[in-house]
Amino acid sequence: MIAENLHKVLSTIQPGIRLVAVSKFHPVSALQEAYDAGQRVFGESHVQELVEKQHLLPKDIEWHFIGHLQTNKVKYMAPFISLIHAVDTEKLLKEIDKQAERNNRVIDCLLQIHIAKEETKFGFTPNELRTMLQEGEWRRFSHVRICGLMCMATNTDDENLIAGEFEYANTFFQEIKHDYFQSEPSFRELSMGMSGDYMIAQQHGSTMVRIGTMIFGERNYSCNYNPSETHHILIT
Ligand SMILES: *Cc1c(COP(=O)(O)O)cnc(C)c1O
């Protein structure tokens, strides 16, 4: 079932766009199934769950962290994380730099921009991000590599609104690339699009889509990965 879903999703993804299989709240067995079907990039949004799964699953998986990240938890993923999608403060970027250095690594990051109507979502507003990049302290963070931007559209059925938000993100991405990363080919990712809106995102410059439900089905939040229970859940 998961393999079938995965292949169906992959057949709708444009060449050059990467699929992050969002596996949060799904058991290790589900990830293994997607892995066996060829998927190597997985996205998680809770640190404890990510660390446990990384420990149990094959080592050639590329783990992406897609959720809101607290600075005090960066250290747990710093040894292995491939890409942190939702960096939303300079303080967090600085902490990632510090933990990456401790692990003798350079960690790839995306800066999250807030473009949706909802108030609750994290991320820099475009002006906040312009200001941070302008001030330039980030240039001293030699153990992080800023590879692009990430965003979420408003959760709505209004496809015109979603398309407008993604197009805005794309324009803003081009601006930031032009103003600050022109000579850096590694600044090339625009992470946008989830199960409900990735077809729209693909038409507006997305380079990376983050898809969970269409691959793994609905998430069961009642059997969540509470750290104290995690062990039982992962072993069953
Ligand atoms: C959960 C999540 C997704 C995947 O959502 P689906 O609707 O299940 O595809 C994508 N991006 C982020 C940031 C998420 O938290």
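For the structure, check the block above.
Criteria and cut-off values
Residues numbered from 1 in each chain as written. Predicted model: local features only at pLDDT ≥ 70, side-chain atom pairs only at ≥ 80, totals over all residues. Heavy atoms only, no water. Buried < 20%, exposed > 50% of the residue type's maximum accessible area, 1.4 Å probe, protein only. Helix = DSSP H or I, 4+ residues; strand = E, 2+ residues; numbered from the N terminus. Arc of directions from axis to C-beta. 1 Å grid on protein atoms, 1.4 Å probe; cavity = no way out; pocket = protein on both sides within 12 Å on 5 of 7 lines; lining within 4 Å. Points joined across faces, edges and corners; volume = space filled by probe spheres on them. Nonpolar A, V, L, I, M, F, W, Y, C, P; charged D, E, K, R; others polar.

Some words on helix α2 (residues 28-36)
Next, step 1: Every buried residue of α2 is listed here: Val28, Ala30, Leu31, Ala34 and Tyr35. The buried residues of α2 occupy an angular sector of 160° when the element is viewed end-on, so they sit on one face.

Section: unusual backbone geometry
Next, step 1: Of note in the backbone geometry, Phe25 takes a positive phi value of approximately 70° without being a glycine.
Next, step 2: In this structure Phe25 comes out as buried when scored by relative accessible area, which is 12%.
Next, step 3: With phi around 55°, Asn104 is a residue other than glycine that occupies positive phi space.
Next, step 4: Among the structural elements, Asn104 can be located in the loop between α5 (90-102) and β5 (107-112).

Here we look at the layout of surface pockets
Next, step 1: Size it by volume and the largest pocket reaches roughly 750 Å³.
Next, step 2: Lys24, Met152, Met194, Arg210 and Arg219 are, among the 31 residues lining the largest pocket, the residues nearest its centre.
Next, step 3: Counted by class, the lining of the largest pocket contains 11 nonpolar, 12 polar and eight charged residues.

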